[in-house]
Each structure stands twice: as structure tokens, then as C-alpha cells.
Amino acid sequence: MSNRKLYKIDTVAEFHRICGLSQPQHPMISLVDYSQVEYQIEESEISWVQELYFMGFKRDIQGKLHYGQSQYDFDGGLMCFIAPRQLVKMIIDKYDTKPSGFLLAFHPDFIWNTPLAKTIHNYKFFGYDVNEALFLSEKEEETLIGLFKGIEREYQSGIDEFTQSIIISQIEVILNYCERFYQRQFITRKRSNHQILDKLEHILEDYFNNDVINKGLPTANYIAESLNISTNYLGSLLKSLTGQTTQQHIHEKLIEKAKEKLSTTELSVSEIAYELGFEHSQSFSKLFKAKTEISHLEFRKSFN
């Protein structure tokens, strides 16, 4: 069993201490310059759980980066998002080229009881895995640096009754820009994304052709794991490329296989429902009619 220490970071000040930085100028939020970071730990690989939101990007990363199931070279910044209470693992190579870039860290209490506290969970990229990070072009990077620096200037100029609302509005602008940049990424990596669509099709085809007893219906989590990407990322990708959710894709394939069995076999509806993963034939019948606007019996009769 590993004796590696798990660090717990509860405050912005604690994060500054681990990074070898002076005390933060604001107790709840800080913009960290990666070029100034000197981790105050001996381990080459560390794990931590933080009670903070992290939004940051690094430049000058050596070698290739893995994105989804593919490997890319990218000259711009690599941006990632970490929500509170997520486990983070990092390998620190103190002899490697020092990265540059910025990390915005803020405590959930900073946005507590504001509209952003309710909407921040809608930004699904906080749930993406590290290998699904956001790759930034030079112009996109410049845009975000300007916004990050605006936040820094605001809390450095003194804290008053307007500081929080001004900074929160700037955070929202950053999040909306990142939403836009992720949509751009889905488009610019079109070839790779369509490869994922092809693999999704094969996964569903194999699943419904596999006569495993009591296998149940395929889930979004099962498909995402089979594709080696996160459920949130899969959902965002499919929505961007096809306008459909993962469940809608599953149902579309399911109805296709149901039509095939209804039109080419003598299997009963109960047998077809069972083979497709339904526990009860009534559930299958209800879904079939909802998706096709006719009953399974009407569909089968049309082939007689």
C-alpha cells in the first residue's frame, strides 16, 4: 500500500504556502503566476483535494499532450478547470523546463449567495478529465490573460463593497468565453470527434448484438468509459456535433435494432424487449411508440 501523503487545501492561503508564495492579497481569491511557483514539498508526485475552484492554463509544456483518445502537439496554452473536492494528482519534475501561465483560485464562499453559485455547475468543463482540457489559440490566450489580470487589478486596488460583484462578473465572462472556446475546439478537432462518433456507433452495435442475459440498457457512463472519455465531455461533444444527447443516441440505436427484429424475425415483443435490455416489455412498448409515433404492433403489421 502506498504511503504517499494526500494534501488537503482548504483555503487560498494554504495553496499559496504549498506554492511557495507570499500571503494572498485577498483571502478568498488569487491569481497565481506559474513562473513564480516553487512547490514546498519533497515528493515528485503529489495528490491533493482542494476546497477551491481552479481555472488556469500553462504554457511551455514539453512533449506531447494526450487529449481524449488522441495525441496532439499544441503550441498555445493548455487550460483546465477543477471544482472543489476533486482529487488532483500531479507529477513535479523540478529539472524540467519551468512552465508559465496563470491559475485563478477562489473559494466557493466568494460566490456564495450570488447567481454564479447557482449557475457555475452548468459549466460542464469543470467535470472534464485532464486529458480533455481546453487548448487555447494565441488570441484566445490573450483574451483570457486580459480578464485574469483585470481580476488581479481589482482585488489589488483595495477591497470595498463593489469588489466582489465586479470580480464575479469578470469570472462569469471568463467562463462564457471558455464555453465558446470549447465549442470551437469541438469543431476544429472535427476529424477526431467524428472518429469518436464512429466508435460510439460500433459500441452500440456490438452491445445490442451481444446476447448477454440480463445486460440491461446501455448507459451514458458505459459508453463514455468504453470511449475513454468522461460522461460530461461525451454529452457536450454529441450535443455540439449532432444536437442530440447521449441518451437520445442510445434510444435511436435501440429503435433501429427493434425495427430490425420486428420486421425480420418472429420473436414476440417480450423476447425482443428482453434481448434489447428491457426488464419489462411495457417499457419497451412505451419507448417505441414515443420515438416512432406508432405502436410496435402497427409497425410489424406494415411488413405483413
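Residues numbered from 1 in each chain as written. Predicted model: local features only at pLDDT ≥ 70, side-chain atom pairs only at ≥ 80, totals over all residues. Heavy atoms only, no water.

Draft legend 1. Looking closely at the overall build of the protein chain. Secondary structure summary: the protein chain contains twelve helices and ten strands in total. The proportion of buried residues among the 304 residues of the protein chain is 45%. For the protein chain, the exposed area adds up to about 16,900 Å²; of that, 49% sits on carbon and sulfur atoms. (Helix = DSSP H or I, 4+ residues; strand = E, 2+ residues; numbered from the N terminus. Buried < 20%, exposed > 50% of the residue type's maximum accessible area, 1.4 Å probe, protein only. Areas by Shrake-Rupley, 256 points an atom, 1.4 Å probe, with all protein chains shown as cover.)

Draft legend 2. Quick look at the confidence of the model for the protein chain. When pLDDT is averaged across the protein chain, the result is 84; 86% of the residues are at 70 or more. Low pLDDT (under 50) marks residues 62-75, which in the prediction has 34 contacts with non-local residues, meaning those over four places away or in another chain. (pLDDT = per-residue confidence, 0-100. Contact = heavy atoms within 4.5 Å.)

Draft legend 3. View of the sheet that holds strand β2 (residues 29-33). With respect to topology, five strands assemble into an open sheet ordered β2-β9-β4-β7-β10, the strand pairing being antiparallel. Each edge of the open sheet is held by one strand with a lone partner, namely β2 and β10 (134-135). The sheet contact formed by strand β4 (residues 53-59) and strand β7 (residues 78-82) spans five bridges and is antiparallel. Each bridged residue has a counterpart across the sheet, and for F54 the counterpart in β7 is I82. (Pairing = 2+ DSSP bridges.)

Draft legend 4. Examining the environment of I159 more closely. Among the secondary structure elements, I159 is positioned in the loop between α4 (138-156) and α5 (163-188). For I159, a relative accessible area of 53% gives the class exposed. Here the alpha-carbon distance between I159 and H26, two residues 133 residues apart in the chain, equals 8.1 Å.

Draft legend 5. Representation of helix α8 (residues 231-242). Taking 1.5 Å of rise per residue, the twelve residues of α8 would be expected to cover 16 Å, and the 16 Å separating its terminal C-alpha atoms lies within 8% of that figure. Y233, L234, G235, S236, L237 and L238 are the residues of α8 that are buried. Looking one or two residues past α8, G243 carries a phi angle of roughly 80°, positive in sign. (Expected span 1.5 Å × (residues − 1).)

Draft legend 6. Expanded view of the packing of aromatic side chains. Per the stated rule, a full pass over the model turns up 17 aromatic pairs. On the basis of an interplanar angle of 45° and a centroid distance of 4.8 Å, the ring pair of F15 and F54 is categorised as tilted. Of the two residues, F15 is situated in helix α1 (residues 12-18) and F54 in strand β4; the sequence distance between them amounts to 39 residues. Neither residue differs from the other here; F15 and F54 are each classed as buried. In this structure an aromatic cluster arises from ring pairing among Y53, F81, F106, Y123, F125, F126 and Y182. K58 extends its terminal NZ or CZ atom over the ring of Y34, reaching a point 4.9 Å from the ring centre. (Phe/Tyr/Trp six-rings, centres within 6.5 Å; stacked < 30°, edge-to-face > 60°. Lys NZ or Arg CZ within 6 Å of the ring centre and 35° of its normal.)

Draft legend 7. A look at the nonpolar core. In this structure, M55, M79, F126, L144 and I171 are the most contacted members of the largest nonpolar core, which totals 33 residues. Listing elements by their share of this core, those giving two or more residues are β2, β4, β7, β9 (100-106), α2 (108-111), α4 and α5. With eight residues, the top contributor of residues to this core is α5. Counting residues in each nonpolar core, the second largest holds 30 residues, with I196, I223, V269 and A273 among its members. (Core = buried A, V, L, I, M, F, W, Y, C linked by side-chain atoms within 4.5 Å.)

Draft legend 8. Spatial organisation of the pattern of salt bridges. The full count for this structure, using the stated rule, is eleven salt bridges. For the salt bridge of K8 with D10, the shortest nitrogen-to-oxygen distance reads 2.7 Å. The closest approach of N and O atoms between K253 and E201, which form a salt bridge, is 2.6 Å. A residue pair is termed long-range when its members are at least 10 positions apart, and K253 in helix α9 (residues 246-264) and E201 in helix α6 (residues 190-209) qualify at 52 residues. Overlapping salt bridges, with partners in common, bring together E201, E205, K253, E256, K257 and E260 in one network. (Salt bridge = Lys/Arg side-chain N within 4 Å of Asp/Glu carboxyl O.)

Draft legend 9. Examining helix α11 (residues 281-292) more closely. Over its twelve residues, α11 runs 16 Å from end to end, which matches the ideal 16 Å to within 8%, given 1.5 Å per residue. Turning to α11, its buried residues number three or more, namely F284, L287, F288 and T292. One side of α11 carries all its buried residues, which in axial view fall inside an arc of 110°. In α11, the exposed positions angled more than 90 degrees off the buried face are occupied by Q282, K286 and A290. As for α11, its buried residues are in contact with α9, α10 (269-275) and α12 (296-301). Once α11 ends, the next one or two residues include E293, with phi positive near 70°. (Arc of directions from axis to C-beta.)

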